[in-house]
Amino acid sequence: MIAIYPGSFDPITLGHLDIITRSSVLYQKVIVVISLNPNKKPLFTVEERIAQIQKAVHHLPNVEVDSFDGLTVTYARQCQAKVLLRGLRVLSDFEKELQMAHTNKTLADDIETVFLATSTEYGFLSSSLVKEIARFGGAIRHLVPEHVALDIERCYRKILP
Ligand code: ADP
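Novice: Before we move on, can you summarise the nonpolar core with the specific residues and values?
Specialist: Counting residues in each nonpolar core, the largest one holds 37 residues, and the members touching the most others are Ile20, Ile53, Val57 and Ile152. For this core, the secondary structure elements donating two or more residues are β1 (2-7), α1 (14-26), β2 (29-35), α2 (46-56), β3 (63-68), β4 (83-88), α5 (127-135) and α6 (146-159). When residues of this core are assigned to their parent elements, the largest contribution, 5 residues, is made by α6. With residues up to four places along the chain from it excluded, the contact list for Val57 reads Leu17, Ile20, Val63 and Val65. Of all hydrophobic cores here, the second largest spans 13 residues; its members include Ile2, Val33, Ala76 and Ala108.

Right, here's the structure in full:
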């Protein structure tokens with residue numbers, strides 16, 4: 001069975017990578033899909049995010065990386081995925097994620113949203129938190145893959161004086 005894992009991944013964190021690694025054991029193929037969100041101004045371009053994720057998952061042969069501008073269920077249908085994966089951290093995720101899962105169910109009844117609970121050590125971790133820490137020069141190397149930490153640090157060196 002094919003599963004897709006959609007998100008912004010701006011950038012990928014160790015929390016995302018944990019969900020990808022654990023789901024790669026459960027499904028034949030997992031496609032990590034960068035969804036283009038017009039309401040968010042990303043730090044990294046889609047191409048940069050694809051490269052970051054590809055490098056982070058290179059040791060997982062059944063994981064692919066892609067991007068899509070449109071409804072997640074449309075993408076799922078195109079690649080014949082029956083499962084849409086999402087990660088759950090805290091209670092506030094649940095409200096938003098359940099609404100999204102119900103919405104997607106009304107659009108595509110044949111596609112199931114499957115939630116994976118975060119691993120305890122990553123329950124607090126989000127891409128925005130990483131960016132906020134990095135913006136003020138804090139340590140992020142324990143939160144994202146090493147090559148991503150380098151990209152973020154380089155990025156803020158350019159943006160900030
Ligand atoms: P989005 O903008 O779609 O919320 P994100 O890139 O922030 O995209 O997250 C993609 C998915 O990964 C979401 O389901 C989110 O809840 C989940 N996720 C993010 N961080 C973690 C984490 N630390 N542990 C588990 N799941 C996570």
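Novice: Can you tell me about the site of the ligand, naming the residues and giving the values?
Specialist: Lining the immediate surroundings of the ligand are 18 residues, of which Tyr5, Ser8, Lys40, Gly87 and Tyr122 lie closest. Thr118 is positioned such that a nitrogen or oxygen atom in its side chain is 3.0 Å from a nitrogen atom of the ligand. Burial of the ligand by the surrounding chains reaches 91%, relative to a free accessible area of 550 Å². For the ligand, the cavity whose grid points lie within 2 Å of the majority of its atoms is the largest pocket. Among the secondary structure elements, those contributing two or more residues to the shell around the ligand are β1, α1, β4 and α4 (91-107). Of the residues in the shell around the ligand, the class split is 6 nonpolar, 6 polar and 6 charged.

Novice: Could you give an account of empty space enclosed by the protein, with specific residues and numbers?
Specialist: Applying the stated criterion to the full structure yields 1 cavity of 30 Å³ or more. Reported here for the largest cavity is a volume of approximately 40 Å³. Around the largest cavity sit Ile4, Pro6, Val33, Ser35, Phe68, Gly70, Leu71, Thr72 and Tyr75, which together line it. Only β1, β2 and α3 (72-78) provide two or more residues apiece to the lining of the largest cavity. When grouped by side-chain class, the residues that make up the lining of the largest cavity number 6 nonpolar, 3 polar and no charged.

Novice: How would you summarise the side chain of Thr13 if you had to cite specific residues and measurements?
Specialist: Structurally, the position occupied by Thr13 is in the loop between β1 and α1. Contact partners of Thr13, with chain neighbours within four places excluded, come to Leu125, Ser126, Ser127, Val130, Leu143, Val144 and Pro145.

Novice: Explain the pattern of salt bridges residue by residue, including any values.
Specialist: As enumerated under the stated definition, the model contains 13 salt bridges in all. Glu153 serves as the salt-bridge partner of Arg141, at 2.6 Å between the closest nitrogen and oxygen. Taken as a pair, Arg141 in the loop between α5 and α6 and Glu153 in helix α6 lie far apart in primary sequence, 12 residues in all. Put simply, Asp10, Arg49 and Lys131 are held in one network by salt bridges that share partners.

Novice: An account of the layout of surface pockets is needed here, citing residue identities and associated values.
Specialist: Within this model, the largest pocket holds a volume of roughly 1200 Å³. Listing elements by their share of the lining of the largest pocket, those giving two or more residues are β1, α1, β4, α4 and α5. By residue number, the principal contributor to the lining of the largest pocket is α4, which donates 7 residues. Split into classes, the residues belonging to the lining of the largest pocket amount to 14 nonpolar, 17 polar and 9 charged.

Novice: Give a detailed account of the sheet that holds β4, specifying residues and quantitative values.
Specialist: If you walk across this open sheet you meet the 5 strands as β3-β2-β1-β4-β5, and the pairing is parallel. One side of each edge strand has no neighbouring strand; the edge strands of this open sheet are β3 and β5 (112-117). In this sheet, adjacent strand axes meet at a mean angle of 30 degrees when their direction is disregarded. Packed on one face of the sheet, α1 meets β1, β2, β3, β4 and β5 and runs near 120 degrees to β5. Helix-sheet contacts for α4 involve β4 and β5, and the interaxial angle to β4 is about 170 degrees.

Each value, and the rule that gives it
- Residues numbered from 1 in each chain as written.
- Predicted model: local features only at pLDDT ≥ 70, side-chain atom pairs only at ≥ 80, totals over all residues.
- Heavy atoms only, no water.
- Core = buried A, V, L, I, M, F, W, Y, C linked by side-chain atoms within 4.5 Å.
- Buried < 20%, exposed > 50% of the residue type's maximum accessible area, 1.4 Å probe, protein only.
- Helix = DSSP H or I, 4+ residues; strand = E, 2+ residues; numbered from the N terminus.
- Contact = heavy atoms within 4.5 Å.
- Near = heavy atom within 4 Å.
- Polar contact = N/O pair within 3.5 Å; in protein donor to acceptor, adjacent residues only side chain to side chain.
- Areas by Shrake-Rupley, 256 points an atom, 1.4 Å probe, with all protein chains shown as cover.
- 1 Å grid on protein atoms, 1.4 Å probe; cavity = no way out; pocket = protein on both sides within 12 Å on 5 of 7 lines; lining within 4 Å.
- Sits in = over half its atoms within 2 Å of the grid points.
- Nonpolar A, V, L, I, M, F, W, Y, C, P; charged D, E, K, R; others polar.
- Points joined across faces, edges and corners; volume = space filled by probe spheres on them.
- Salt bridge = Lys/Arg side-chain N within 4 Å of Asp/Glu carboxyl O.
- Pairing = 2+ DSSP bridges.
- Axes fitted to C-alpha atoms, helices over the stretch in contact; angles between N-to-C directions.

Read these as layout, nothing more, since geometry by itself doesn't imply function.
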